[in-house]
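Each chain is listed here by its residues.
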Amino acid sequence: MNVTRATFDDVMVPNYNPAGMVPVRGEGSRVWDQDGAEYIDFAGGIAVNVLGHCHPELVDALTEQGKKLWHLSNVFTNEPALRLAAKLTEATFAEKAYFANSGAEANEAALKLARRWALDKFGEDKNQIIAFNKGFHGRTFFTVTVGGQAAYSDGFGPKPGAVEHCDYNDLAAFEAMISDNTCAVMMEPLQGEGGIILPEPSFVRGVRELCDKHNALLIFDEVQSGVGRTGDLYAYMGLGVTPDILTTAKSLGGGIPIGAMLTTTEIGAHLKAGTHGSTYGGNPLACAVAEKALDIVNQPEILEGVLKKEALFREILSAINEKYNVFEEVRGKGMLLGCALNEKYQGRARDFMVAATNENLMCLIAGANVIRFAPSLIIPDEDIKEGLARFERAVAAVVNAE
Ligand SMILES: Cc1ncc(COP(=O)(O)O)c(C=O)c1O
């Protein structure tokens, strides 16, 4: 059966608007389309392909487990899930894990757990959830409501209640909003979709202190920032602020759908048998691949490499900007970088992304004003240089089109 990009418009619901080319094969940080054209991948499946495409050790883990056991449901446990949970709890503050299939589901579990914990311990008045404007936590109705972008949450009827938002990095506004009725605060320790915005260290410390003062749980959504992306295994480690609940997905599976919620024994105990669940969550196939991805990423040489690659990106991007003067700043950390467009190019991030695709470079945007790069953590330096040479041609195309 012959399928093309035009087939998409015939048979798919129009909620996505994918690029014109259809990729068919990937290896490392290179991808090929139906016509055999080769692309460099700075998109990384939106911060998912943490070790690039078809990393041999992940392929081995997948095929080995694929020949053994794929799925059981949670009526039975399985060895890869138990090993992955042991490794995640060993490597982080957490003592307990819950597995889901995506970031949104991991966050849904975190929010439901927080509400249960507060109800069990303090009664029904302690139900307020505070989150941040421009935050993104997924597309289920609860997570989209907690996310701070009306464009994603409006237009679907009545929302789950007791959810409030304040500005990121505004500790005074946060202090004015939090009270003893706050049950949880959900935040990204580096806002991704909202525009690659780093938190002020004093803001994160202040949020933690106020959560402690008001007996509210601090939930870090590390779906995008986690699993080595910032050069720390999890971004909270670099900030020196420990959450009560952490959610992780995307890079965790290296391309296989999996999410996890991590927490302490005391808090996790409130998700009693039967209170929450998932048919596929923690299935052996996904967990076997995630275990291997975690083993590889959580090595000092890989994590140090992330910061070296960031430096290379920044050096070349600043040279491009000196020539074309299009960015106000390059921000973010590790392999999660954003080029924020200056005044002259406001609202035009998508034009740069399309121009990059035309130059055989896959990249992302984060809102209308930021071009985002979230490549593999082990992208070879020559692919960074070649990809940025293509990016420079894309920038020139946009600038010269005026
Ligand atoms: C911080 C954050 N949380 C949650 C999600 C949702 O994850 P998923 O698309 O796997 O449901 C995303 C996805 O972009 C994200 O960046």
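Here goes a summary of the coordinates provided. As the structure is a computational prediction, the values presented were derived from the model and not from experiment.

## Considering the packing of aromatic side chains
Across all of its chains, the model carries 14 aromatic pairs by this definition. Ring geometry for Phe42 against Phe373: centres 5.3 Å apart, planes inclined by 75°, an arrangement best described as edge-to-face. Here Phe42, found in the loop between strand 3 (38-41) and helix 2 (44-47), pairs with Phe373, found in strand 15 (residues 370-373); they are 331 residues apart in sequence, far enough to count as distant. In terms of burial, Phe42 and Phe373 fall into one category: buried.

## A word on the sheet that holds strand 12 (residues 336-341)
With respect to topology, 4 strands assemble into an open sheet ordered 11-12-15-14, the strand pairing being antiparallel. Sheet topology places strand 11 (327-333) and strand 14 (364-365) at the edges, where each strand pairs with a single neighbour. Across 2 bridges, the pairing between strand 14 and strand 15 is antiparallel. Looking at strand 15, one finds that Ile365 is bridged to Ile371. Helix 13 (residues 300-324) contacts strand 11, strand 12 and strand 15 of the sheet and is inclined by roughly 175° relative to strand 11.

## Overview of the environment of Val297
Examined against the element boundaries, Val297 turns out to sit in helix 12 (residues 284-297). Note: C-alpha distance between Val297 and Leu252 (45 residues apart in sequence) is 9.4 Å. Filtering out sequence-adjacent residues up to four positions away, Val297 remains in contact with Val50, Leu51, Val227, Gly228, Leu233, Ile302, Leu303 and Leu377.

## Things to note about the site of the ligand
Near the ligand you find 13 residues, and of these Gly103, Ala104, Asp221, Gln224 and Lys250 are the closest. One of the backbone nitrogen or oxygen atoms of Phe136 is found 3.4 Å away from a nitrogen atom of the ligand. Side-chain polar atom of Lys250 to an oxygen atom of the ligand: 3.1 Å apart, as the coordinates give it. In the complex, the protein chains occlude 82% of the 390 Å² of accessible area that the ligand would expose alone. At 3 residues, the largest contribution of residues to the shell around the ligand is made by helix 5 (residues 103-122). By residue class, the composition of the shell around the ligand is 3 nonpolar, 6 polar and 4 charged.

## What about the pattern of salt bridges?
The final tally for this structure, using the stated rule, is 22 salt bridges. Among the salt bridges present, the one from Glu38 reaches Arg390, with a minimum N-O distance of 3.2 Å. Residue Glu38 is located in strand 3, and its partner Arg390 is located in helix 15 (residues 381-400); the two are separated by 352 residues in the primary sequence. Arg390 sits in the buried class, given a relative accessible area of 7%. Note that Arg208 and Asp244 form a salt bridge whose closest N and O atoms lie 3.0 Å from each other. Highlighted residues: Arg208 in helix 9 (residues 201-213) and Asp244 in the loop between helix 10 (235-239) and strand 9 (245-248), separated in sequence by 36 residues. Note on Arg208: relative accessible area 13%, which makes it buried.

Calculation notes
Residues numbered from 1 in each chain as written. Predicted model: local features only at pLDDT ≥ 70, side-chain atom pairs only at ≥ 80, totals over all residues. Heavy atoms only, no water. Phe/Tyr/Trp six-rings, centres within 6.5 Å; stacked < 30°, edge-to-face > 60°. Helix = DSSP H or I, 4+ residues; strand = E, 2+ residues; numbered from the N terminus. Buried < 20%, exposed > 50% of the residue type's maximum accessible area, 1.4 Å probe, protein only. Pairing = 2+ DSSP bridges. Contact = heavy atoms within 4.5 Å. Axes fitted to C-alpha atoms, helices over the stretch in contact; angles between N-to-C directions. Near = heavy atom within 4 Å. Polar contact = N/O pair within 3.5 Å; in protein donor to acceptor, adjacent residues only side chain to side chain. Areas by Shrake-Rupley, 256 points an atom, 1.4 Å probe, with all protein chains shown as cover. Nonpolar A, V, L, I, M, F, W, Y, C, P; charged D, E, K, R; others polar. Salt bridge = Lys/Arg side-chain N within 4 Å of Asp/Glu carboxyl O.

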